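Given next are the chains, with one letter for each unit.
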Amino acid sequence: MKKYIDIPCDSLVRLEAGERLEGSICKDRKTGRLVLTIWNRRYPKHPNYRLICHLPDGSLLESEHNIIFRNRVMKGTSVRDFGKLLRKNVKYAVGALLVHNRNK
């Protein structure tokens with residue numbers, strides 16, 4: 001017994017190009033045919049981050065949905081010094097956020 005699967009044209013082009021596609025095959029209730037549904041898992045390569053401020057050892061960024069806190073510490077820093085640096089940068093970042101929100 002042969003079964004045919006309906007594949008959308010854009011998915012067929014991607015398959016012929018050798019791309020790997022993820023999706024699911026389900027039976028259409030109206031027609032009774034098998035239909036391939038492709039999941040779109042392409043994420044933006046360069047999300048738009050807006051710089052709020054530079055921290056002494058990192059940066060504070062803003063995306064569409066999140067506020068991103070990035071901190072850099074040299075390898076070999078002791079745990080005690082790491083905690084001090086992190087607390088200092090968090091205080092600095094909170095102050096910058098207060099100023100940023102006040103200016104909006």
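All residue numbers refer to position in the chain's written sequence, counted from 1. In keeping with the model being predicted, local features are shown solely for residues with a pLDDT of at least 70 and side-chain atom pairs are shown and tallied solely at 80 or more, while totals for entire chains, interfaces and linings include all residues. Values shown for side chains rest on all heavy atoms present in the structure; no hydrogens or waters enter the calculation.

> Outline the environment of Arg80, supporting the account with residue identities and numerical values.
Numbering goes from the N terminus for both helices and strands, where a helix is a DSSP run of H or I of at least four residues and a strand is a run of E of at least two. Tracing the backbone through its elements, the reader meets Arg80 in helix H2 (residues 79-103). Using a 1.4 Å probe on the protein chains alone, a residue whose accessible area is under 20% of its type maximum counts as buried, one over 50% counts as exposed, and one in between counts as partly exposed. Residue classification places Arg80 among the exposed residues on the basis of a relative accessible area of 66%. Arg80 sits 15 residues away from Gly95 along the chain, and the two C-alpha atoms are 23 Å apart.

> Tell me about the sheet that holds strand E3 (residues 34-38), and please be specific about residues and values.
The mixed open sheet is built from three strands, whose spatial order is E1-E3-E2. On the outer flanks of this sheet lie strand E1 (5-6) and strand E2 (23-27), each paired with one strand and no other. Two strands make a pair as long as DSSP finds a minimum of two bridges between them.

> Explain H2 to me, and be specific about the residues and the numbers.
One less than the number of residues in a helix, times 1.5 Å, gives the span that helix is expected to have. Across its 25 residues, H2 extends 36 Å between first and last C-alpha, which sits within 8% of the 36 Å expected from 1.5 Å per residue. Here H2 has its buried residues at Gly83, Asn89, Ala93, Ala96 and His100. Turning to H2, the residues buried within the fold contact strand E4 (50-55), strand E5 (58-62) and strand E6 (67-71). Whether two residues are in contact is decided by their heavy atoms, any of which lying within 4.5 Å being enough.

> Tell me about the pairing of E3, and name the residues and values.
Relative to E3, E1 runs parallel, the two being bridged by two bridges. The partner of Asp6 across the bridge, within E3, is Val35. With five bridges joining them, E2 and E3 adopt antiparallel strand pairing. Across the sheet, residue Cys26 finds its bridge partner in E3, namely Val35. Between E2 and E3, which pair antiparallel and follow one another directly, the connecting turn spans six residues, one of which, Gly32, has a positive phi of 80°.

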